[in-house]
Amino acid sequence: MNLLIIDTATEACSVALSINGQHVDQFEICPQQHSQRILPMIEGLLNQAGATLAQLDYLGFGQGPGSFTGVRIATGILQGLALGTELPVVGVSTLAAMAQQAIDEHQAQDIFCAIDARMGEVYFAHYQAANGLATLVGHEHVLPPEEAADILMQKSTTSSFGVGTGWAAYDALLGKLEAGRQPKVLDAVLYPDAKYMLSLVESAAKAGLAKEIEEVEPVYLRDKVTWKKLPGRE
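If you're wondering where the values come from, they're calculated on a predicted model, not measured in any experiment.

A. A look at a negative patch on the surface. On the surface, a cluster of negative charge is made up of Glu 86, Glu 212, Glu 214 and Glu 215. Secondary-structure assignment places Glu 212 in the segment after helix H6 (198–206).

Here's what the structure looks like:
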């Protein structure tokens, strides 16, 4: 299955290409530069693989949650690519991508994802590995870290992992848990990476979950615009 996947939902910007059994990808931390970087990254990977968009079977993208601007950029780029190629599209949760990285790199089975959502909140979700793929347990949320901590109190175990920027941003996430029950926070898994969306997109496509671009919607989780921004961050 030939796939091109992009993600611009957080401070990170990434592209992954799987074509004719060859996998190439690029990942950068480039706050507020996604719109300038994403198209050259796509072109660079296609050139590296000696491939064209016409060879692809599906397009994928990080549908959020994340930065409002970043999610809109990815959605807009995918709209342009899909309309030009008439390719079906698969949207992937940015939280699921981080959980998948924990599964692929650390053999994690139980993962809690927390991205700093600003305004004293986190994008939060619980994932578990099922047949090697990140599978959502319950729902994704945007909520204060204290409420996420209540969920952790009920569900976290000694074998749980934590990924995302939320853990470093909010001490309250771990404040209610005894040291022995705190998730093992993976400092190397802070942002979603399109490379770890490849298996999720392929699985969704095989399950018939791909959509026409007109049916694809970004996932914000929160309806109001975040005005509290840190310098250099979206």
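Now that the structure is up, let's keep going.
B. Just the sheet that holds strand E4 (residues 58–64), in detail. In space, the five strands of this open sheet follow the order E3-E2-E1-E4-E5, with mixed pairing throughout. Across the chains shown, the open sheet's two edge strands, defined by having one partner strand only, are strand E3 (22–29) and strand E5 (89–93). Neighbour-to-neighbour, the strand axes of this sheet turn through a mean angle of 15°, independent of strand direction. The pairing of strand E2 (residues 12–19) with E3 spans eight bridges and is classified as antiparallel. Within the sheet, the bridge partner assigned to Ala 12 lies in E3 and is Ile 29.

C. Structural context of the packing of aromatic side chains. Tallied over the entire structure, the rule returns two aromatic pairs. Between Phe 68 and Tyr 220 the ring centres are 5.1 Å apart and the planes differ by 15°, which places this aromatic pair in the stacked class. Of this pair, Phe 68 sits in helix H2 (residues 68–85) while Tyr 220 is found in the segment after H6, placing the two residues 152 residues apart along the sequence. By relative accessible area, which is 13% here, Phe 68 ends up buried. Ring geometry for Phe 112 against Phe 124: centres 6.1 Å apart, planes inclined by 20°, an arrangement best described as stacked. In this pair, Phe 112 sits in strand E6 (residues 110–118) while Phe 124 sits in strand E7 (residues 121–130), placing the two residues twelve residues apart along the sequence. The same class applies to Phe 112 as to Phe 124, namely buried.

D. Quick look at the packing of helix H1 (residues 34–49) against H2. In contact at an axis separation of 11 Å, H1 and H2 are set at 40° when each is read in the N-to-C sense. Considered as vectors, H1 and H2 are oriented oblique to each other. Between H1 and H2 lies a crossing of right-handed hand. Across the interface between the two elements, His 34, Ser 35, Ile 38, Leu 39 and Ile 42 of H1 pack against Ile 73, Ile 77 and Leu 81 of H2.

E. Examining the environment of Ala 108 more closely. The topology assignment puts Ala 108 in the loop between helix H3 (94–106) and E6. Along the chain, Ala 108 and Ala 169 lie 61 residues apart, while their C-alpha atoms are 22 Å from each other. Setting aside anything within four residues of it in sequence, one finds Ala 108 in contact with Ala 102, Ile 103, Ala 129 and Phe 161.

F. Examining H2 more closely. Compared with an ideal rise of 1.5 Å per residue, which puts 18 residues at 26 Å, H2 spans 26 Å between its outermost C-alpha atoms and is within 8% of the ideal. By the burial criterion, the buried members of H2 are Phe 68, Gly 70, Val 71, Ile 73, Ala 74, Thr 75, Ile 77, Leu 78, Leu 81 and Ala 82. The inward-facing, buried residues of H2 abut strand E1 (3–7), H1, E4, E5 and E7. If you check the start of H2, you find a side-chain oxygen 3.3 Å away from the backbone N of Thr 69, and it comes from Ser 67. Where H2 terminates, the next one or two residues include Glu 86, which has phi positive at roughly 60°.

Reading the values: rules and limits
- Once a new chain begins, its residue numbering starts again from 1 and follows that chain's sequence as written.
- For a predicted model such as this one, the threshold for reporting local features is a pLDDT of at least 70, and the threshold for listing and counting side-chain atom pairs is 80 or more; totals across whole chains, interfaces and linings nevertheless cover every residue.
- Heavy atoms from the whole structure form the basis of all side-chain values; hydrogens and water molecules are not counted.
- Like charges within 9 Å and nonpolar side chains (Val, Leu, Ile, Met, Phe, Trp, Tyr) within 5 Å are joined into patches, using only residues over 30% in relative accessible area that form no salt bridge.
- Here the Shrake-Rupley method, with its probe set to 1.4 Å, supplies the accessible areas, and only the displayed protein chains count as covering residues.
- Whenever a carboxyl oxygen of Asp or Glu lies within 4 Å of a side-chain nitrogen of Lys or Arg, that contact is scored as a salt bridge.
- Note that His is not counted, nor are the chain ends; the positive residues are Lys and Arg, and the negative ones are Asp and Glu.
- Note that the charge is assigned to NZ on lysines, CZ on arginines, CG on aspartates and CD on glutamates.
- The numbering of helices and of strands both runs from the N terminus, where a helix is a DSSP run of H or I of at least 4 residues and a strand a run of E of at least 2.
- A pair of strands counts as paired when DSSP detects no fewer than two bridges linking them.
- Note on definitions: angles span 0 to 180 degrees between N-to-C directions of axes, and those axes are lines fitted to C-alpha atoms, for helices only across the stretch in contact.
- Each Phe, Tyr or Trp ring (for Trp, its six-membered ring) is paired with any other whose centre lies within 6.5 Å, and the angle between the two planes then decides the class: stacked below 30 degrees, edge-to-face above 60, tilted in between.
- When a residue's accessible area, from a 1.4 Å probe over protein chains only, is under 20% of the maximum for its type it is buried; when over 50% it is exposed; and in between it is partly exposed.
- Between 65 and 115 degrees an angle is taken as roughly perpendicular, under 35 as roughly parallel, over 145 as roughly antiparallel, and anywhere else as oblique.
- When the near helix sits turned anticlockwise from the far one by under a right angle, the crossing is termed left-handed; a clockwise turn instead gives a right-handed crossing.
- By definition in these notes, contact holds between two residues if any of their heavy atoms fall within 4.5 Å.
- Here the expected length of a helix is defined as 1.5 Å per residue gap, with one fewer gap than residues.
- Counting of polar contacts relies on pairs of N or O atoms within 3.5 Å, with two restrictions inside protein: one atom must be capable of donating a hydrogen and the other of accepting it, and residues adjacent in sequence are counted only when both atoms are side-chain atoms.

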